[in-house]
Amino acid sequence: MGEPQSQNIIDATKEKIWTKDFILICLANFFVFLGFQMTLPTIPLFVEHLGGNDQLIGLVVGIFTFAALMVRPFAGHALETKGRRFVFLLGLAIFVLSVGSYSFIASIFLLFMMRVIQGIGWGFSTTASGTIATDIIPASRRGEGMGYYGLSGNLALAFGPSMGLLLAGMLSFRHLFLICAVLGLASLLFASNITYKKIGQPQAQARNKWDIYEKSALEPSILLFFLTVTFGGIASFLPLYTAQKGISGIQWYFLLYALALMVTRTFAGRLYDRKGHQAVFIPGAALIFIAMLLLAWLPSNAILFIAAILYGLGFGTVQPALQAWSVEKAAKNRKGMANATFFAFFDLGVGVGAMVFGQIGHWFGYSSIYITAALSVLISISFYLYILHKK
């Protein structure tokens, strides 16, 4: 009688999510994301401070994500050959040095160059972090575990943009960026204490130098691309858009968005584990679509706050599901490349959104940005329906 019960206890231990290493990867992720999120709404203000216009803002924001995009395939390979620890710590160190350098930059050209370097560090560190999390989380609870892991980034999002905007109003940009660099150092400290799993070399096979993505992760990553295009419009231009319309409370937008993300992540991952992506994708994408239409309208700060909540609920529903979908069918020695593919499309969406919306905002006004973003969400939904039909 005692044997099955003891077996259940062993199984429960095996399926535990909240281990020491999982807590450390969440803390490392939180602090690097906090430093990053504090720069998110303040970099456009910094570009404006240096004399740049909307088009330059789009380029400075976009080049960061394109730099991250370009290094992710190399990060994916390095995770399987050099190991998780090397890639993660290298990426965090580059992030710290590049963000700290913003404190001493006085020209848009130099800022542009250092944004490229920051993007390289971000590409390495976030690809590694997501892969390390999938290593640590039990496979049977991957959707739930990735939801909790995502909460660490969402907590940073809850406080980071608001803190960045608050500090930008109280301190110089130099002091703001030094604080962001110190937060990156805290992430480096937590990351150095993780016990990393040793990943065996792939079996003897010739490596294709053009192996830059994981095929099994392609469909969910394309869906993600058309959704994260919307984020390029929010991160780059929403603070300027609300200021132009005389609407206050942009700090509350980011806080409400992050809180809605956190609420959603507590159940969306488990729903994905039990029912699959069919249960979460369409409802989540529909909420993002409505949020974009509300931002295009934006008559008051009440509508701004409702859009924040809907966007958070929608993105918090689909993002962990798409990430779990991206890695679940990849071979063990391809998990790093699957995560690299997923985040590459994330970056590509934000980068394309920032650059394209910079032009749209310049020529047609800020509200046109969010109408275009809503159309991008419709493309994602249409492609998802095509995937379901095909299967």
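Residues numbered from 1 in each chain as written. Predicted model: local features only at pLDDT ≥ 70, side-chain atom pairs only at ≥ 80, totals over all residues. Heavy atoms only, no water.

Under an unreviewed UniProt entry, the protein chain has the name MFS family permease and belongs to Parageobacillus toebii NBRC 107807. Comment text from UniProt for the protein chain, heading Subcellular location (unreviewed entry), reads "Cell membrane". (UniProt positions renumbered as here; feature names shortened; annotations may be inferred.)

Peer 1: Just checking my understanding: could you explain the overall build of the protein chain for this structure?
Peer 2: When helices and strands are tallied, the protein chain shows 14 helices and zero strands. Reading the secondary structure of the protein chain in the N-to-C direction produces α-α-α-α-α-α-α-α-α-α-α-α-α-α. Rg of the C-alpha trace for the protein chain: 20 Å, near the compact-globule value of 21 Å for 391 residues, within the 12% margin. If you line up the protein chain on its principal axes, its C-alpha atoms span 70 × 45 × 40 Å. Looking at the 391 residues of the protein chain, the share that counts as buried comes to 58%. (Helix = DSSP H or I, 4+ residues; strand = E, 2+ residues; numbered from the N terminus. Rg over C-alpha atoms; globule rule 2.2 N^0.38 Å. Buried < 20%, exposed > 50% of the residue type's maximum accessible area, 1.4 Å probe, protein only.)

Peer 1: Could you clarify how one ought to interpret the environment of A330 in this entry?
Peer 2: Along the chain, the position of A330 falls in the loop between α12 (301-328) and α13 (335-364). Separated by 113 residues in sequence, A330 and A217 have C-alpha atoms that sit 7.4 Å apart. Residues contacting A330, with those up to four places away along its chain left out, are E214, S216, K335 and A338. (Contact = heavy atoms within 4.5 Å.)

Peer 1: Help me understand the packing of helix α2 (residues 20-39) against helix α5 (residues 84-101) in this model?
Peer 2: Each pair of packed helices can be summarised by the angle the axes make with each other and by the distance between the axes. Relative to each other, α2 and α5 sit at 25°, their axes nearing to 12 Å. Overall, the two elements α2 and α5 adopt an arrangement that is roughly parallel. Once α2 is placed against α5, the crossing between them reads as left-handed. Residue-level contacts link I25, A28, V32, G35, F36 and T39 of α2 to F88, L92, F95 and V99 of α5. (Axes fitted to C-alpha atoms, helices over the stretch in contact; angles between N-to-C directions. Parallel < 35°, antiparallel > 145°, perpendicular 65-115°, else oblique. Left-handed = near helix turned anticlockwise from the far one by under 90°.)

Peer 1: What's the story with the pattern of salt bridges in this structure? I'm lost.
Peer 2: The tally for this structure, following the rule as stated, stands at six salt bridges. Where R141 meets E144, a salt bridge forms, and the shortest distance between an N and an O atom there is 3.1 Å. With relative accessibility at 11%, the residue E144 sits in the buried group. The salt bridge partner of K390 is E219, with a shortest N-O separation of 2.7 Å. Of this pair, K390 sits in helix α14 (residues 366-390) while E219 sits in helix α9 (residues 218-245), placing them 171 residues apart in sequence. A relative accessible area of 48% places K390 in the partly exposed class. Look at the salt bridges and you will find they share partners, linking E80, R84 and D135 into a network. (Salt bridge = Lys/Arg side-chain N within 4 Å of Asp/Glu carboxyl O.)

Peer 1: Would you mind going over the packing of aromatic side chains with me for this structure?
Peer 2: Between two aromatic rings, the relevant description is the distance of the centres plus the angle of the planes. Under the definition given, this model contains 27 aromatic pairs. With a centroid separation of 5.6 Å and 20° between ring planes, the pair formed by F31 and F190 is classed as stacked. Of this pair, F31 sits in helix α2 while F190 sits in helix α8 (residues 173-191), and the two are 159 residues apart along the sequence. Between the aromatic rings of F33 and F36, the centroid separation amounts to 6.5 Å while the plane-to-plane angle is 85°, which identifies the pairing as edge-to-face. Placement of both F33 and F36 in helix α2 is noted, with a separation of three residues, approximately one turn of the helix. (Phe/Tyr/Trp six-rings, centres within 6.5 Å; stacked < 30°, edge-to-face > 60°.)

Peer 1: Can you help me understand the nonpolar core in this one?
Peer 2: Nonpolar side chains tend toward joint burial in soluble globular proteins. Core analysis: the biggest nonpolar cluster contains 120 residues, and F88, Y253, L295, Y311 and Y370 have the highest contact counts within it. Y311 has contacts with L227, T230, F231, I234, Y253, Y257, I288, A291 and M292, leaving out every residue within four places of it along the chain. (Core = buried A, V, L, I, M, F, W, Y, C linked by side-chain atoms within 4.5 Å.)

Peer 1: When you look at empty space enclosed by the protein in this model, what are you seeing that I'm missing?
Peer 2: Once rolled over the atoms, a probe with the size of a water molecule shows which space is left empty. Per the stated rule, a full pass over the model turns up three cavities of 30 Å³ or more. Estimated volume of the largest cavity: approximately 530 Å³. The element contributing the most residues to the lining of the largest cavity is helix α7 (residues 142-170), with six residues. Here the lining of the largest cavity is built from residues that sort into 17 nonpolar, nine polar and four charged. Quantified by volume, the second largest cavity comes out at close to 40 Å³. (1 Å grid on protein atoms, 1.4 Å probe; cavity = no way out; pocket = protein on both sides within 12 Å on 5 of 7 lines; lining within 4 Å. Points joined across faces, edges and corners; volume = space filled by probe spheres on them. Nonpolar A, V, L, I, M, F, W, Y, C, P; charged D, E, K, R; others polar.)

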